[in-house]
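# Structural overview for review
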Amino acid sequence: FKKTKELANGSIIPRLGLGVWQVKDGAEAVDSVKWALQAGYRLIDTAAAYKNEVSVGEGIRASGVPREEIFVTTKLWNADQGYDSTLKAFDESLNKLGLDYIDLYLIHWPVEGKYKDSWRAMEEIYRSGRAKAIGVSNFHEHHIEDLLKEATIVPTVDQIELHPTLTQEPLRKFLADNQIAVEAWSPLGQGKILENPTLVEIGKKYHKTAAQVIIRWHLQSDIIVIPKSVHQDRIKQNFDVFDFELTEADIKRINELNTNERLGPDPDNFDF
Ligand code: A2P
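The rules behind these values
Residues numbered from 1 in each chain as written. Predicted model: local features only at pLDDT ≥ 70, side-chain atom pairs only at ≥ 80, totals over all residues. Heavy atoms only, no water. Near = heavy atom within 4 Å. Polar contact = N/O pair within 3.5 Å; in protein donor to acceptor, adjacent residues only side chain to side chain. Areas by Shrake-Rupley, 256 points an atom, 1.4 Å probe, with all protein chains shown as cover. Helix = DSSP H or I, 4+ residues; strand = E, 2+ residues; numbered from the N terminus. Nonpolar A, V, L, I, M, F, W, Y, C, P; charged D, E, K, R; others polar. Phe/Tyr/Trp six-rings, centres within 6.5 Å; stacked < 30°, edge-to-face > 60°. Buried < 20%, exposed > 50% of the residue type's maximum accessible area, 1.4 Å probe, protein only. Salt bridge = Lys/Arg side-chain N within 4 Å of Asp/Glu carboxyl O.

## Brief notes about the site of the ligand
By nearness alone, 16 residues border the ligand, and Leu188, Gln190, Lys228, Ser229 and Arg234 come closest of all. Contact distances for the ligand include 2.7 Å between an oxygen atom and a backbone N or O atom of Leu188. Burial of the ligand by the protein amounts to 83% of the accessible area it has alone, namely 570 Å². Among the elements that make up the shell around the ligand, the one with the highest residue count is helix H9 (residues 232–239) (3 residues). Residues of the shell around the ligand, tallied by class, amount to 6 nonpolar, 8 polar and 2 charged.

Okay, here's the thing in structure tokens:
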């Protein structure tokens, strides 16, 4: 199984990473990032809004893993959208992380009337080489179609809420047709679906947990996946997914768990 994926601009992104939404700034974030990198993870996904960029940077340095081996994602917060404020927010994220470049910079949410100006700034940041790739998050098909009317660079990634109870198949098809990679947030359904009998049963066949089954379902579905945990044993467990393979029938059963129910806000009704 190939652990990385090539994005449309040629960047190489690890398919499995650590997400740090709701990981507390300070020791919790430093340790989670350090443990993940020491366990073999090479992708760390943060955001300005998570308020833990300083500790994420510290965890990266504490891991002993060379910077160039690590793929770091951060995101532009809604209040910072607009051309000038995007340029400024990017510099602030770089400073907080203590890095001189970001591997992937994302627009966090499609703030109406603002995201096109933000994207012009993102394109400039990309051309300057300080973000090696740029993309979006929480964009529906109509947001991307609107963005592409003026964009000169196509987003490389759309990071969306995606898990076995929200499989997003129509949007995934649109993204695939446009060579935009799909990345899943809350990939484990925020931990709320780990007792699902189908997932537990499938896991038993392979001596794997429901969490590992879900991660493997994402990977085999060509979805970049960033499960969150602050526990070292779970961080390790979530990376221990490269020694088994779900069957087509397993994948189909997991796809059928879809209920189209979101755990987070719908990007069309988000109170920005
Ligand atoms: P914790 O951080 O306390 O380990 P998602 O990535 O979908 O947002 O899910 C994250 C949630 O799932 C967190 O509450 C996390 O708890 C929990 N979690 C992550 N990995 C595992 C695991 N392997 N087993 C059980 N719970 C997990």
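Following the structure, the description resumes.
## Quick word on the packing of aromatic side chains
Considering all chains together, one arrives at 8 aromatic pairs under this definition. Each ring, one from Phe90 and one from Tyr105, has its centre 4.8 Å from the other, and the planes form 70 degrees; the classification is edge-to-face. Taken together, the residues Phe90 in helix H3 (residues 83–97) and Tyr105 in strand S6 (residues 104–107) connect sequence positions 15 residues apart. There is no split in this pair, since Phe90 and Tyr105 are both buried. Here the aromatic rings of Tyr115 and Phe139 are separated by 5.2 Å at their centres, their planes lie at 65 degrees, and the arrangement is edge-to-face. Placement of Tyr115 in helix H4 (residues 115–128) and of Phe139 in the loop between strand S7 (134–137) and helix H5 (141–148) is noted, with a sequence separation of 24 residues between them.

## Describing the pattern of salt bridges
With the rule as written, the count across this model stands at 20 salt bridges. Close ionic contact of Lys208 with Asp240 constitutes a salt bridge, the shortest N to O distance being 3.5 Å. Residue Lys208 is located in the loop between helix H7 (197–206) and helix H8 (210–220), and its partner Asp240 is located in the loop between H9 and helix H10 (248–255); the two are separated by 32 residues in the primary sequence. Owing to a relative accessible area of 38%, Asp240 belongs among the partly exposed residues under this scheme. Lys252 is paired through a salt bridge with Glu256; the nearest N and O atoms lie 3.3 Å apart. Classification of Glu256 by relative accessible area gives exposed; the value is 53%.

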